[in-house]
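Letter by letter, the chains look like this.
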Amino acid sequence: MIVHLNKNISLEQAKQLADKYQSILFENGKLVLVSPSKLKSADEELEKAADEVFITETDIQLASKQYISSKREIVVGDIIVGGNTNNTVVITGPCSVESEEQIESAAKLCVELGVKILRAGAYKPRTSPYSFQGMGLEGLKLLDKMRSKYGLKIITEVRDSTHADEVIEYADIIQIGAKSMYDHGILRKCGKSRKPILLKRGFGTTLQEFVQSAEFILSGGNPNVMLCERGIRTFETKTRFTLDLCGVAWLKENTNLPVILDPSHAIGYAYGVADLSRACVAMGVDGLLIESHPNPKAAKSDAEQQLNFDEFRKLFVSLKTVAEAVGYKVV
Ligand code: PEP
Ligand code: MN
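The structure presented is a predicted model; accordingly, all values stated were derived computationally and were not measured.

Moving on, we get to the overall build of the protein chain. A count of helices and strands for the protein chain gives eleven helices and 15 strands. Relative to the 2.2 N^0.38 estimate, which gives 20 Å for 331 residues, the radius of gyration of the protein chain is 20 Å and therefore close to what a compact globule would have. Once the C-alpha set of the protein chain is aligned to its principal axes, its extents read approximately 65 × 40 × 40 Å. Across the 331 residues of the protein chain, 54% fall into the buried class. In the protein chain, once contacts between residues fewer than 6 apart in sequence are set aside, the share between residues at least 24 apart is 67%. A total of about 14400 Å² of accessible surface is found on the protein chain, and carbon and sulfur atoms cover 51% of it. In the protein chain, which carries 41 positive and 42 negative side-chain charges, the distance between the mean positions of the two groups comes to 3 Å.

The environment of ligand 1 is formed by Cys95, Arg119, Lys124, Glu157, Gln175, Gly177, Ala178, Lys200, Arg230, His265 and Glu291. In this structure, an oxygen atom belonging to ligand 1 sits 2.9 Å away from a side-chain N or O atom of glutamine 175. The separation between an oxygen atom of ligand 1 and a polar side-chain atom of lysine 200 is 2.8 Å. In the complex, the protein chains occlude 95% of the 290 Å² of accessible area that ligand 1 would expose alone. Per-class residue counts for the shell around ligand 1 are two nonpolar, three polar and six charged.

Tallied over the full model, the rule gives 16 salt bridges. A salt bridge links glutamate 229 to arginine 201; the shortest N-O distance between them is 3.0 Å. Taken as a pair, glutamate 229 in strand S12 (residues 225–229) and arginine 201 in the loop between strand S11 (197–200) and helix H7 (207–218) lie far apart in primary sequence, 28 residues in all. Each member of the pair glutamate 229 and arginine 201 is classed as buried. Aspartate 302 is paired through a salt bridge with arginine 240; the nearest N and O atoms lie 3.2 Å apart.

Following the criterion strictly, the structure yields zero disulfides and no others. Between cysteine 110, a cysteine without a disulfide, and cysteine 95, which holds the nearest cysteine sulfur, the sulfur-to-sulfur distance is 15 Å. Overall, cysteine 110 belongs to the buried group, its relative accessible area being 1%. You can see cysteine 190 has no disulfide; the closest cysteine sulfur is in cysteine 228, sitting 14 Å from it. Exposure remark for cysteine 190: the relative accessible area of 1% places this residue in the buried category.

Protein-derived ligands of the manganese ion (ligand 2) are Cys95 (SG), His265 (NE2), Glu291 (OE) and Asp302 (OD), with the metal-ligand distances lying across 2.0 to 2.3 Å. Considered as a linear motif, the donors of the manganese ion (ligand 2) on their single chain read C-x169-H-x25-E-x10-D. A residue pair is termed long-range when its members are at least 10 positions apart, and glutamate 291 in strand S14 (residues 287–291) and aspartate 302 in the loop between S14 and helix H11 (309–325) qualify at eleven residues. Look at glutamate 291 and you get buried, because its relative accessible area is 0%. A relative accessible area of 16% means that aspartate 302 is categorised as buried.

Think of an α-helix as 3.6 residues a turn; residues three or four steps apart then line up on the same face. Compared with an ideal rise of 1.5 Å per residue, which puts 14 residues at 20 Å, helix H3 (residues 100–113) spans 20 Å between its outermost C-alpha atoms and is within 8% of the ideal. All of the buried residues in H3 are Gln102, Ile103, Glu104, Ala106, Ala107, Leu109, Cys110 and Leu113. Those residues of H3 that are buried lie in contact with strand S7 (87–93), strand S8 (117–119), helix H4 (137–150) and H11. Of the residues trailing H3, glycine 114 is marked for its positive phi of about 85 degrees.

Another point: the packing of aromatic side chains. The tally for this structure, following the rule as stated, stands at four aromatic pairs. Measuring from ring centre to ring centre gives 6.1 Å for tyrosine 269 and tyrosine 271, while their planes differ by 20 degrees; the resulting arrangement is stacked. A residue is classified by how much of its surface remains accessible, and tyrosine 269, at 27% relative accessible area, is partly exposed. Considering the side-chain rings of phenylalanine 312 and phenylalanine 316, the 5.9 Å spacing of their centres and the 25 degrees angle between planes classify their relative orientation as stacked. Taken together, the residues phenylalanine 312 and phenylalanine 316, both in helix H11 and four residues apart, mark about one turn of the helix. Residue classification places phenylalanine 312 among the buried positions, given a relative accessible area of 0%. Above the face of the phenylalanine 241 ring, arginine 230 is positioned so that its terminal group lies 4.2 Å from the ring centre. When the ring centre of phenylalanine 132 is taken as origin, the NZ or CZ atom of lysine 300, which lies over that ring, is 5.0 Å away.

Conventions and cut-offs
Residues numbered from 1 in each chain as written. Chains lettered and ligands numbered in written order. Predicted model: local features only at pLDDT ≥ 70, side-chain atom pairs only at ≥ 80, totals over all residues. Heavy atoms only, no water. Helix = DSSP H or I, 4+ residues; strand = E, 2+ residues; numbered from the N terminus. Rg over C-alpha atoms; globule rule 2.2 N^0.38 Å. Buried < 20%, exposed > 50% of the residue type's maximum accessible area, 1.4 Å probe, protein only. Contact = heavy atoms within 4.5 Å. Areas by Shrake-Rupley, 256 points an atom, 1.4 Å probe, with all protein chains shown as cover. Lys, Arg positive; Asp, Glu negative; His and termini not counted. Charge placed at Lys NZ, Arg CZ, Asp CG, Glu CD. Near = heavy atom within 4 Å. Polar contact = N/O pair within 3.5 Å; in protein donor to acceptor, adjacent residues only side chain to side chain. Nonpolar A, V, L, I, M, F, W, Y, C, P; charged D, E, K, R; others polar. Salt bridge = Lys/Arg side-chain N within 4 Å of Asp/Glu carboxyl O. Disulfide = S-S within 2.5 Å. Donors = N, O, S within 2.8 Å, 3.2 Å for Na, K, Ca; no water. Expected span 1.5 Å × (residues − 1). Phe/Tyr/Trp six-rings, centres within 6.5 Å; stacked < 30°, edge-to-face > 60°. Lys NZ or Arg CZ within 6 Å of the ring centre and 35° of its normal.

See below:
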């Protein structure tokens with residue numbers, strides 16, 4: 001149950017109520033109490049303290065349509081993701097920042113096409129400790145340089161809580177990767193920030209678990225959460241993962257959070273990224289995250305799935321037509 005407390009309730013009183021009803025308390029313009037969802041009605045004391053009460057079916061609460069029936073609007077500078085914009089925001093860039101030259105050519109591609117958000121990892125969560133782990137702070141600084149030089153917004157990943165503060169400081173959108181979806185240190189830190197968060201679905205998690213991870217951020221007081229479907233592990237081995245488009249339909253129907261799709265990590269091979277991207281856009285989605293690289297063969301991570309710039313250019317143009325056909329606009 002979510003309770004919007006009325007203005008007469010002091011912070012002290014609110015804390016006592018939170019204790020009594022085993023609730024999380026946060027402030028976001030108003031004081032909000034979130035109890036476990038098994039509490040299905042407000043007693044007299046809560047009723048008196050409340051402006052509004054929202055009952056939800058499960059512990060998907062702040063992200064639910066029962067709480068907010070429309071889609072949340074996430075503001076990234078002059079770009080709006082979600083809300084009633086019908087924007088499909090395209091985000092691109094290489095898997096990792098590898099050098100100034102490499103990230104600058106990616107930034108120039110964005111400028112050339114009008115893509116406003118550049119994405120690249122500075123801290124990479126690799127499966128093997130022997131693989132390239134990212135440039136770290138140096139990578140963040142290069143992204144920062146691209147932002148000021150080219151007026152782009154930057155999305156980059158926080159891999160673990162040791163550098164969470166750095167990433168939160170540098171990024172315009174903070175990416176929480178699939179392998180970190182359950183990292184409560186990261187989730188809680190992101191809950192304290194007010195910057196937009198892109199939360200990727202763990203590849204072995206249910207939709208319920210995925211959205212419950214988002215609840216950790218939302219109940220920390222950060223309302224700016226976007227969900228990213230990036231493929232789940234199935235019995236199939238020909239592709240890297242399986243993009244769960246049924247799951248996307250479920251998220252759109254049942255949550256109030258914008259949904260971004262990542263076909264690159266889902267298939268894992270460049271040959272399928274264009275077709276999959278068009279399929280995603282045809283569903284009417286809030287954004288698309290596509291990996292591109294000036295020289296994919298030489299990429300230090302995810303070499304097989306990144307599009308070269310000509311492939312990306314061609315794809316980008318075709319996405320506009322597909323988006324228009326379903327009442328969306330590529331931005
Ligand atoms: C990435 O975005 O480069 C990445 C590591 O993705 P994921 O967390 O989805 O595996
Ligand atoms: Mn990658």
